[in-house]
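Structure at a glance
Residues per chain are reported as follows:
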Amino acid sequence: MKIIKIHYTPSLPVQNWLHIEKDANEMAALIRANPNTMFALHHSQVNEKPFNFFVLDDNILLEEIEALGSRFIINPRIISSLKGTEMSVYEGCASFPYRKQKKVRRPMIITVEYDIPDPLSPNGLAHKQKQVERVVAQVFAHETDHARGRNLFFNHSK
């Protein structure tokens, strides 16, 4: 059996929704075809030159998506985390579906900024800032790790 080394590259910022719309919709279809197996899917599954975005599962996180404004989260960035809210949680990763979930520490209340698709904007993007909690905070932390070229199984201590 040949061992494949996964190499993560930091993501490129998305400048225009039209640059990623096709890939984002393909990722949304993949999530719908695999119910209850993931909360979100990061760009690295479909792009050779990854852009900084992820797609949320609208079967599991519908209320959260409504609060965020879209299931397509573009150029996410964690602004701050509320001290004292860190918890040990178990996470898996769609990049490594064969691996057991790993226990990591994540802040449970964070402030994030991100873009969402906006057909009325010249570049197709609208900027947002929001405080998110619990599973959404965990998803943002996990997916922004990917955007920085980090992976749950190789860059988080036990």
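Residues numbered from 1 in each chain as written. Predicted model: local features only at pLDDT ≥ 70, side-chain atom pairs only at ≥ 80, totals over all residues. Heavy atoms only, no water.

**Some thoughts on the nonpolar core**
- Residues Leu 56, Leu 68, Ile 73, Tyr 114, Val 132 and Phe 140 are the most contacted members of the largest nonpolar core, which totals 16 residues.
- Looking at this core, the elements with two or more residues in it are β2 (53-56), α2 (62-68), β6 (109-117), β7 (125-133) and α3 (134-147).
- Ignoring any residue separated from it by four or fewer positions in sequence, one finds Phe 140 in contact with Phe 54, Leu 68, Ile 73, Pro 76, Ile 78, Ile 110, Val 112, Tyr 114 and Val 132.
- Grouped together as the second largest cluster of nonpolar side chains are 12 residues, Ala 24, Met 27, Phe 53 and Leu 125 included. (Core = buried A, V, L, I, M, F, W, Y, C linked by side-chain atoms within 4.5 Å. Buried < 20%, exposed > 50% of the residue type's maximum accessible area, 1.4 Å probe, protein only. Helix = DSSP H or I, 4+ residues; strand = E, 2+ residues; numbered from the N terminus. Contact = heavy atoms within 4.5 Å.)

**So, the pattern of salt bridges**
- Inspection of every chain in the model, using the stated rule, returns 7 salt bridges.
- Among the salt bridges present, the one from Glu 26 reaches Lys 22, with a minimum N-O distance of 2.9 Å. Taken as a pair, Glu 26 and Lys 22 lie in helix α1 (residues 21-33) at a separation of 4 residues, close to a single helical turn.
- Within this structure, Arg 32, Asp 58 and Arg 71 form a network of salt bridges that share partners. (Salt bridge = Lys/Arg side-chain N within 4 Å of Asp/Glu carboxyl O.)

**Considerations on the packing of aromatic side chains**
- Scanning all chains against the criterion turns up 3 aromatic pairs.
- For the pair Trp 17 and Phe 72, a centre-to-centre distance of 5.2 Å together with 55 degrees between the ring planes defines the contact as tilted. Here Trp 17, found in the segment before α1, pairs with Phe 72, found in strand β3 (residues 72-81); they are 55 residues apart in sequence, far enough to count as distant.
- Geometrically, the ring pair formed by Phe 54 and Phe 140 is edge-to-face, given 5.4 Å between the ring centres and 85 degrees between the ring planes. Remark: Phe 140 occurs in helix α3 and Phe 54 occurs in strand β2; sequence separation between them is 86 residues.
- The rings of Phe 54, Tyr 114 and Phe 140 are connected pair by pair, giving a single aromatic cluster. (Phe/Tyr/Trp six-rings, centres within 6.5 Å; stacked < 30°, edge-to-face > 60°.)

**Observations concerning the environment of Leu 61**
- Counting through the fold element by element, Leu 61 comes out in the loop between β2 and α2.
- Take Leu 61: its relative accessible area is 2%, and that puts it in the buried class.
- A sequence separation of 75 residues divides Leu 61 from Val 136, and the C-alpha atoms of the two residues are 8.4 Å apart.

**A look at the pairing of β6**
- Burial analysis of β6 places 8 of its 9 residues in the buried class, the great majority of the element.
- As judged from the 5 bridges shared by β3 and β6, these two strands associate in the antiparallel manner. Note that in β6 the partner of Ser 81 across the bridge is Ile 110.
- Alignment of β6 against β7, held across 9 bridges, turns out to be antiparallel. Each residue of the ladder has a partner; that of Ile 110, found in β7, is Val 132. (Pairing = 2+ DSSP bridges.)

**Some remarks on unusual backbone geometry**
- With a phi angle near 50 degrees, Asn 75 is a residue other than glycine that sits in the positive phi range.
- Residue placement: Asn 75 occurs in strand β3.
- Residue Asn 75 is classed as buried on the basis of its relative accessible area, which comes to 16%.
- Phi at Arg 134 takes a positive value of approximately 50 degrees, unusual for a residue other than glycine.
- Checked against the element boundaries, Arg 134 lands in helix α3.

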